[in-house]
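# Structure at a glance
These are the residues of each chain, in order.
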Number of protein chains: 4
Amino acid sequence: MIEVGIVGGTGYTGAELLRILARHPGVKIQAITSRSEAGQPVAEMFPHLRGSLDLCFSEPDKAELGDCDLVFFATPNGTAMQSTPALLASGVRVIDLAADFRLKDPAVWERWYGMPHQCPALLEEAVYGLPELNREAIRDARLIANPGCYPTAVTLGFLPLVEAGAVDPSWLIADAKSGVSGAGRKATTGLLMAEVGESFKAYSVAGHRHAPEITQNLKHFAGVDVGLTFVPHLVPMIRGIEATLYGRLVDASLDIQGLYRDRYAGEVFVDLMPGGHPDTRSVRGANLCRIAVSQQGQDGVVVVQSVIDNLVKGAAGQAVQNMNLMFALPESAGLESIALLP
Amino acid sequence: MIEVGIVGGTGYTGAELLRILARHPGVKIQAITSRSEAGQPVAEMFPHLRGSLDLCFSEPDKAELGDCDLVFFATPNGTAMQSTPALLASGVRVIDLAADFRLKDPAVWERWYGMPHQCPALLEEAVYGLPELNREAIRDARLIANPGCYPTAVTLGFLPLVEAGAVDPSWLIADAKSGVSGAGRKATTGLLMAEVGESFKAYSVAGHRHAPEITQNLKHFAGVDVGLTFVPHLVPMIRGIEATLYGRLVDASLDIQGLYRDRYAGEVFVDLMPGGHPDTRSVRGANLCRIAVSQQGQDGVVVVQSVIDNLVKGAAGQAVQNMNLMFALPESAGLESIALLP
Amino acid sequence: MIEVGIVGGTGYTGAELLRILARHPGVKIQAITSRSEAGQPVAEMFPHLRGSLDLCFSEPDKAELGDCDLVFFATPNGTAMQSTPALLASGVRVIDLAADFRLKDPAVWERWYGMPHQCPALLEEAVYGLPELNREAIRDARLIANPGCYPTAVTLGFLPLVEAGAVDPSWLIADAKSGVSGAGRKATTGLLMAEVGESFKAYSVAGHRHAPEITQNLKHFAGVDVGLTFVPHLVPMIRGIEATLYGRLVDASLDIQGLYRDRYAGEVFVDLMPGGHPDTRSVRGANLCRIAVSQQGQDGVVVVQSVIDNLVKGAAGQAVQNMNLMFALPESAGLESIALLP
Amino acid sequence: MIEVGIVGGTGYTGAELLRILARHPGVKIQAITSRSEAGQPVAEMFPHLRGSLDLCFSEPDKAELGDCDLVFFATPNGTAMQSTPALLASGVRVIDLAADFRLKDPAVWERWYGMPHQCPALLEEAVYGLPELNREAIRDARLIANPGCYPTAVTLGFLPLVEAGAVDPSWLIADAKSGVSGAGRKATTGLLMAEVGESFKAYSVAGHRHAPEITQNLKHFAGVDVGLTFVPHLVPMIRGIEATLYGRLVDASLDIQGLYRDRYAGEVFVDLMPGGHPDTRSVRGANLCRIAVSQQGQDGVVVVQSVIDNLVKGAAGQAVQNMNLMFALPESAGLESIALLP
C-alpha cells in the first residue's frame with residue numbers, strides 16, 4: 001500500500017481527492033492536514049464521506065508527512081513551494097495540485113501569481129503531470145505539477161492540431177466555460193448562488209493565469225510560438241468545463257478526425273466522439289476528457305469541443321492518474337467510476 | 001456471474017441500473033431491451049456509458065430473457081405484470097422497479113394505477129424489496145417489488161417510531177420533496193427546464209400513488225391503521241429526495257435517538273446523523289438513506305429528516321441491493337460508491 | 001413627491017427596494033447609505049440599475065436623513081433600533097425591513113436576536129406591516145415593522161383558518177421552503193452555489209427566529225395560544241418561498257374555500273387559486289401572495305400552499321405597499337409589475 | 001389605443017409579449033389565438049398573468065384579426081407567411097417574431113428552414129426589425145421581420161467594428177450561449193431539466209439557422225462579404241444570451257471604445273460597460289443589450305461581450321420597440337422595466 005498524506009483537505013480539490021483515494025485499492029491515507037480544522041473529523045465537514053473515511057484533520061506540523069511515500073498538496077497557490085524541498089529531501093514524492101510548479105519560467109510565474117517563487121530551482125525538475133503528453137517522465141518524477149483545469153481541457157483539445165502543425169499557431173482561440181466549483185470553496189460574495197445562479201458571464205477577459213500555462217504547453221509541443229486568446233466564462237452549474245476551440249487549418253485537405261484518432265489511440269482517459277456534442281454531464285465524476293472535432297462548411301476553421309470534470313480529470317483524478325504512474329500501478333486504478341448522469 | 005436482463009433501459013432508472021451493473025463484480029448483463037431503440041448502441045443514448053458498456057438495445061421479443069438468472073423491469077407501470085408470470089415459470093427471478101407488485105390489494109392497485117391488474121395472484125407472493133424491513137424474505141424471493149422512491153425515504157424515516165408505537169399513528173404528516181428525475185425521462189412540457197427550473201411547488205396535493213404504498217408499509221409494521229397526509233413537492237434539482245416527517249409522540253420521555261440507533265444498528269445503507277441537517281447532495285449517487293431525528297422544544301412533536309438519491313436507494317441501487325441478497329452476494333457488492341459532492 | 005432615504009442599500013432587500021422605488025411615480029430617493037461603499041455609484045455594485053438610478057452610496061452620518069419624509073432600513077438586525085428614536089423625533093417616519101420591531105415582547109426579542117433591545121419602548125408603538133391584517137393601523141403609523149419573509153407566507157396562509165377558529169390551534173405545522181436570496185448577500189461558505197446548488201435540506205430544525213413572529217401573529221388573531229412546528233428548508237433557486245401548512249379541522253363540514261374567499265375579498269395582493277398548485281415562479285418579482293387550500297380525503301386535515309417572492313411581498317414590495325398606505329397613495333402604486341415567467 | 005392581435009400565444013415568446021403588452025399604456029389586446037387551447041383562459045396556462053389579463057385563447061379563424069391595427073405572430077416558423085399577405089391587404093400591419101421574413105434570399109431561406117416560402121415577394125418589403133440599425137425604415141413598415149435572439153446579440157456586438165471596417169471581415173468568430181427558454185416551450189426530451197440542468201454543451205456545430213441571418217446583417221452594413229464561424233451553446237439557466245465575439249483588428253491603434261461610444265450614442269436600449277463583464281442577469285426581463293469590448297494584450301484580437309434577455313431584447317421586447325416606432329409612440333413605452341436581479 002502506498003502511504004499518502006494530503007496537505008489542505010478542506011477545499012473541493014481535497015475533498016475530491018479523498019473521495020477517490022478512500023476507494024483506491026492501493027492507497028492508505030496517513031494524514032490530512034488543515035491548520036484551521038485540526039482535530040475535527042473530516043466527515044463532519046464533508047458529510048458524503050461519513051462511513052467511508054474515519055480520519056480527523058491534523059496540524060500540518062504534527063502530521064508525519066516525512067514518513068509518507070507521497071504527499072499531495074491541495075492548497076492555495078504558494079503553499080506547496082514552502083515545504084516541497086524538505087519533503088523531496090526526505091525521499092517523499094510530491095504532487096502539487098496548485099500552480100506552484102506549473103510554469104517553467106520563474107519570472108512569468110511571479111508576474112501571474114503575484115509573489116516571489118520560493119524554490120525556482122525545482123521548476124525545471126518538476127514534471128507537468130498531463131499523462132497524455134508526459135507519461136514516461138511522470139513515471140520517474142519526484143515532483144509533479146498537476147495541470148490546471150482549463151489547461152487540461154484546452155491542451156488536450158488543441159494538442160493533435162498543434163503537434164501536427166495543422167493550424168496556424170499565431171491565432172488560436174479558446175472560449176472556455178467552467179462550473180463554479182472551479183473557483184474553489186472560498187467565502188466570497190461573487191460565488192454565492194444568488195449571484196451566479198441563473199446567470200452567465202465571461203470573466204478575466206483582460207488575462208487569466210491559465211493562459212501562460214496553456215501557451216507553454218502548446219509552444220513546447222508545437223516547437224514554435226503560439227498566439228492564444230483565452231476567455232473563461234462562469235456557468236451556473238457546479239462541475240464541468242467545456243472549451244470550444246477555434247483554429248485556422250493550414251491545409252484544408254487534412255484528415256482531422258484521423259489526426260485525433262491516431263494521437264489518442266490507446267488513451268483510456270480521452271474519448272473521441274466524432275460528430276457529437278459532448279456535454280459536461282457525460283464526464284461528471286469521471287476521469288475523462290471527451291473531445292469532438294469538426295468543421296463548419298469549407299472555410300478552413302476547425303472547431304474543437306473538449307469537456308472534462310474540472311475536479312476529476314481537471315484536478316484530483318488526474319493527480320491519482322499521475323500517482324498510479326509514479327508507483328507502477330495500473331493507470332486506471334481507483335479511477336473506474338462511470339460519470340453520474342443525469 | 002449472475003446473468004441479468006433489463007427490460008426497458010431508456011429511462012433514468014434503467015440508465016442508473018446500467019451504471020451500477022456495468023461495474024458490479026458479480027454480474028453479466030445479457031440483454032437490455034427497448035422496442036423503440038432496438039439495434040441502437042446503449043452508449044449512443046447515454047454517452048456517460050461510452051467505453052463502459054458495449055451493448056445495443058434489443059427487441060424485447062428476441063432478447064433471450066428466459067435464459068437469464070434475473071430480469072429487472074425498469075418499465076412504465078403495467079408492463080412487468082405482462083411478462084412476469086412466464087419468466088417465473090421459466091425459473092427466472094424478477095425485480096420490478098415499477099409499481100406493479102407493490103400493493104397487496106388488487107383493488108387499491110387498480111384504483112391508483114387506473115388499469116386492471118394482470119396477475120393479482122402474484123401480489124401476495126411478491127416481496128416488498130426494502131431490505132431494512134424484509135431482508136430474510138428477500139433472500140428467498142422469486143419476485144421483488146422494488147419500492148417507490150418516496151416510500152423508501154418516508155418508510156425508513158417513520159419506521160422506528162411506528163414500530164415502537166412511539167407516535168400517534170392517526171396523524172402522520174410527510175412533506176416530501178423530490179428532484180425532477182423522479183418524474184422520469186418523458187417528453188412533457190411540465191418537466192422542461194424552463195418550466196421547473198428556479199421554481200418550487202407542491203403537486204398531487206389531492207392524493208399521490210405513493211401514499212397507499214407508504215400506508216401499507218407503516219400499517220404492516222405498526223399493526224394498526226395509520227392516518228397519513230402525504231404532500232410531494234418538485235425541487236429545481238435533478239437528483240434527491242428529502243422528506244420532513246412530523247408525528248406526535250405518545251410519551252414525551254422517550255429516548256428517540258436511541259430508538260433509531262437500535263433499529264438501524266448494523267444497517268450499512270442507513271446513516272443516522274444526530275443533530276444534523278442531512279442534505280440530498282450528501283447521498284447523490286450513493287445507495288444510502290441518511291436520517292436525522294429531533295424535537296423543537298417540548299411540545300411532543302417529533303421531526304424526522306430523511307434523504308436519499310431517488311435513483312439509487314430510491315430505485316436502481318436498492319434493486320441491486322435486493323439482487324445481492326437474492327443471490328447470496330455481499331449486500332454492498334457494486335454499491336460502494338461514495339456520493340458525489342459538490 | 002415623497003422624499004425617502006434608504007439605510008443599507010447593499011443587500012438584496014435594499015437592491016430590490018431600489019428597483020421598485022426607481023420606477024415609483026410618487027417617490028424621490030434622496031439618499032442611500034452604506035458605510036463601506038460610500039462614494040461608489042450604486043449601479044456599479046448592482047449593474048441592473050445602470051441607467052435607472054444615478055446615485056452614489058453616501059456615509060450614513062452625512063446623509064440628510066432627518067430631512068426625508070420616510071426612511072427605510074434595509075440593514076442587519078440591530079441597526080434600525082439605534083437611529084429610529086432620533087428619526088421619529090425629527091418627524092421622519094420609519095419602515096424597518098429587519099426584525100428590530102417585529103416582536104412585542106423585548107425578552108423574547110433578546111432571546112432570539114442575541115442582543116439587548118435599544119428602544120423597547122417603541123415595540124408597542126411599532127405597527128406590524130402586514131396590510132392584509134393591519135391596514136388601518138398602518139395608515140397612521142410612524143414606525144412600521146415590516147414582516148419577515150417566512151412570517152408573511154405562513155401568516156397569510158393560516159390566517160383565515162385561525163381567525164375563524166376552524167383548526168385546532170395547538171398543533172399547526174408549517175413546512176416552509178425558501179430560495180437562497182432569503183439568506184442575504186453575505187460572504188459565507190454555506191451559501192456558495194457549489195454548496196447549495198443541486199441540493200435540498202432543512203435547516204434550523206431546532207428553532208428559527210421567524211417562529212415566534214408567526215406565533216405572535218396567529219395568537220393575536222386567534223385570541224388563544226397556538227402551538228406551531230415550523231421547519232424551514234433551503235431550495236436551490238434564488239427567489240421564492242413556498243409554505244405548505246397543515247392543520248386539523250375542528251369541523252369537517254366547514255366550507256374552507258368560502259372562508260378564504262371571504263377573508264381575502266378585495267385584497268389586490270392575495271390571489272386564491274382553488275384546486276391549484278401555485279408555484280413560486282408565478283409570483284417572481286411580483287408583490288403577491290398566491291394561496292391554494294385543499295383537503296386529502298376526508299380525514300380532517302387541511303393543507304394550505306402559500307407562495308410569495310421573498311424579496312417582494314416578503315420584503316421590499318411589502319415595504320412599498322406600507323409606504324403607499326402611510327402616504328395615502330394608491331396601495332398598488334409602483335407595484336404593478338407582473339411576475340417574470342419563465 | 002392600438003388594437004393588437006397575437007397569433008400563437010402559448011409559447012414563451014407569446015407569453016412574454018402578453019406580460020409586456022398587458023402593462024403597455026397605449027395598447028389594447030383584442031385577441032390571442034391558439035387552435036389547441038381555444039376557449040381556455042390564458043391565465044390558466046400562464047398563472048403569472050392571473051389578475052392582469054382577462055382573455056381566453058380564441059380560434060385563429062374566428063378572431064377578428066382583420067380589424068386589428070397590428071398583428072404579432074409568435075408562431076413556429078412557416079406560419080406567419082400563410083396569413084400575412086391577406087392581413088396586409090386588409091391594412092393590418094404585421095410583426096413576425098418567427099423567422100419567416102428574416103432572410104432576403106428565398107433560396108437561402110428554404111435551405112435553412114426546410115420548406116418552400118409562401119410569399120417570397122414580401123421578403124424584399126419586410127423590414128428587419130433591429131431599431132439600432134433600421135429605425136427609420138421601421139417607422140413606415142407594414143411588415144416587420146423581428147430578429148432572432150442570437151442575431152440580435154451578435155449583430156449589435158459586431159456592428160460598430162464591421163461598419164467601421166475595423167476588423168478583418170473574413171474571420172469573425174461568435175461563440176454564443178443561451179438559456180433554455182430560447183429553444184421554446186416544446187415537449188422534447190432534450191429540454192427536460194434532468195437532461196440540460198447542471199450541464200453545458202455546444203450544439204448545431206455543423207451549422208445553425210441564425211448564422212445566415214447574422215451574416216446577412218453584417219454583410220449589409222460592411223458592404224463586403226463576411227466569414228463567420230458561429231457556435232451556439234446551451235446554458236443551464238432559463239433566460240439570457242451571452243455572445244463572446246472575436247475579430248482581428250486591421251489597425252491596432254484604433255480607439256475601439258470610442259467607436260462603440262459613438263455608434264451607440266443616444267441608444268436607450270444599448271448600454272456600454274467599458275472594462276466590465278456584463279452578466280445575463282443584469283438584463284433579465286429588461287429590453288436591453290449590454291456590451292463590453294476589450295483586448296487581451298497587444299495581439300490585435302478584439303473581444304466583445306454582448307448580453308441580452310433572449311425573450312425581451314431578443315424577441316418580445318424588441319417587437320414592442322418596433323411597434324412603438326411604427327405607431328409613433330415613445331420608443332420605450334411599456335419597456336421601462338428594470339432587470340430582475342438577483
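Residues numbered from 1 in each chain as written. Chains lettered and ligands numbered in written order. Predicted model: local features only at pLDDT ≥ 70, side-chain atom pairs only at ≥ 80, totals over all residues. Heavy atoms only, no water.

Mapping chain A onto chain D leaves a residual RMSD of 0.0 Å; the transformation is a rotation of 180° accompanied by 0.0 Å of translation along its axis. Here the symmetry operator amounts to a two-fold rotation axis. Proximity to the rotation axis, assessed at the C-alpha, singles out Pro236(A) in chain A; its C-alpha lies 3.2 Å from the axis. Residue by residue, 100% of the interface of chain A is reproduced at the interface of chain D, so both copies engage with the same surface. (Least-squares fit on C-alpha atoms with pLDDT ≥ 70 in both. Contact = heavy atoms within 4.5 Å.)

Attention now moves to the side chain of Arg290(D). Position of Arg290(D) relative to the elements: it lies in strand 13 (residues 289–295). Engagement of the side chain of Arg290(D) in a polar contact is seen with the side chain of Asp271(D), the distance being 2.6 Å. (Helix = DSSP H or I, 4+ residues; strand = E, 2+ residues; numbered from the N terminus. Polar contact = N/O pair within 3.5 Å; in protein donor to acceptor, adjacent residues only side chain to side chain.)

Turning our attention to the interface of chain A and chain D. Taken residue by residue, the interface counts 46 residues in chain A and 46 residues in chain D. Overall, the association of chain A and chain D removes approximately 4,000 Å² of surface from exposure, summing both partners, and the carbon and sulfur fraction of that is 54%. Across the contact surface, chain A and chain D share four salt bridges. Measuring nitrogen to oxygen at the nearest pair gives 3.1 Å for the salt bridge that ties Asp175(D) to Lys177(A). When contributions to the side of chain A that touches chain D are tallied by element, the ones reaching two or more residues are strand 8 (172–178), helix 8 (193–196), strand 9 (201–202), strand 10 (228–234), strand 11 (241–248) and strand 14 (301–308) of chain A. (Buried area = accessible area lost by both parts, 1.4 Å probe. Salt bridge = Lys/Arg side-chain N within 4 Å of Asp/Glu carboxyl O.)

Take the relation of the copies chain D and chain C next. If you rotate chain D by 180° and push it 0.0 Å along the axis, it lands on chain C with an RMSD of 0.0 Å. Mapped onto chain C, 100% of the interface residues of chain D are again interface residues, and the two copies thus contact each other with one and the same surface.

Residues and elements named next belong to chain C. Between helix 6 (residues 131–140) and helix 11 (residues 312–326), whose axes approach to 9 Å, the crossing angle comes to 40°. Considering how the two elements wind past one another, helix 6 and helix 11 form a crossing that is right-handed. Where helix 6 abuts helix 11, its residues Pro 131, Glu 132, Arg 135, Ile 138 and Arg 139 lie against Lys 313, Gln 318, Gln 321, Asn 322, Leu 325 and Met 326. The residue inventory of the contact of helix 6 with helix 11, partitioned by class, reads four nonpolar, three polar and four charged. (Axes fitted to C-alpha atoms, helices over the stretch in contact; angles between N-to-C directions. Left-handed = near helix turned anticlockwise from the far one by under 90°. Nonpolar A, V, L, I, M, F, W, Y, C, P; charged D, E, K, R; others polar.)

It is worth spelling out the UniProt feature "active site" (unreviewed entry) in chain A at this point. Residues and elements named next belong to chain A. Listed under "active site" (unreviewed entry) in the UniProt record, and renumbered for this structure, are Cys 149. Note on placement: Cys 149 falls in helix 7 (residues 149–163). The exposure class assigned to Cys 149 is buried, which follows from its relative accessible area of 12%. Those residues in contact with Cys 149, other than ones at most four positions away along the chain, are His 210, Ile 241, Ile 308, Asn 310 and Gly 314. (UniProt positions renumbered as here; feature names shortened; annotations may be inferred. Buried < 20%, exposed > 50% of the residue type's maximum accessible area, 1.4 Å probe, protein only.)

What follows concerns the pattern of salt bridges. For the coordinates displayed, the defined rule picks out 80 salt bridges over all chains. Among the salt bridges present, the one from Arg35(C) reaches Asp61(C), with a minimum N-O distance of 3.4 Å. Linking Arg35(C) in the loop between strand 2 (27–33) and helix 2 (42–45) with Asp61(C) in the loop between strand 3 (57–58) and strand 4 (70–73), this pair joins segments that are 26 residues apart in sequence. On the accessibility criterion, Asp61(C) (60% relative accessible area) is exposed. Through salt bridges with shared partners, one network takes in Asp175(A), Lys177(A), Glu242(A), Asp175(D), Lys177(D) and Glu242(D).

On to unusual backbone geometry. Residues and elements named next belong to chain A. Following Leu 341, the chain continues to Pro 342 via a peptide bond in cis, the omega torsion being 0°. Examined against the element boundaries, Pro 342 turns out to sit in the segment after helix 11 (312–326). The phi angle at Glu 198 is positive, at roughly 50°, despite the residue not being glycine. Within the secondary structure layout, Glu 198 lies in the loop between helix 8 and strand 9.

On to the confidence of the model for chain A. Per-residue pLDDT for chain A averages 96, and the proportion of residues at 70 or more is 100%. Interface predicted TM-score (ipTM) for the complex: 0.97; the corresponding pTM is 0.97. (pLDDT = per-residue confidence, 0-100.)

Here the focus is the nonpolar core. Residues and elements named next belong to chain A. Of all hydrophobic cores here, the largest spans 39 residues; its most connected members are Phe 158, Leu 161, Phe 230, Tyr 260 and Ile 291. Top element by residues in this core is helix 7. It accounts for nine residues. Beyond its immediate stretch of four places on either side in the chain, Ile 291 contacts Leu 156, Gly 157, Tyr 260, Tyr 264, Val 270, Asp 271, Leu 272, Met 273, Pro 278, Val 304, Gln 305 and Ser 306. (Core = buried A, V, L, I, M, F, W, Y, C linked by side-chain atoms within 4.5 Å.)

Right, let's talk about the interface of chain D and chain C for a bit. Contacts between the two partners involve 31 residues from chain D and, on the opposite side, 31 residues from chain C. Summing the contributions of chain D and of chain C, the shared interface buries around 2,700 Å²; its carbon and sulfur component is 65%. Three residues, Ile338(D), Leu340(D) and Pro342(D), lead the burial of chain D against chain C; their summed loss comes to 27% of the area buried on that side. The interface formed by chain D and chain C contains two salt bridges.

Residues and elements named next belong to chain C. Relative to the assigned elements, Pro 41 resides in the loop between strand 2 and helix 2. For the pair Pro 41 and Leu 53, spaced 12 residues apart in sequence, the C-alpha to C-alpha distance is 9.0 Å. Those residues in contact with Pro 41 that lie beyond four places of it in its chain are Leu 55, Cys 56 and Phe 57.

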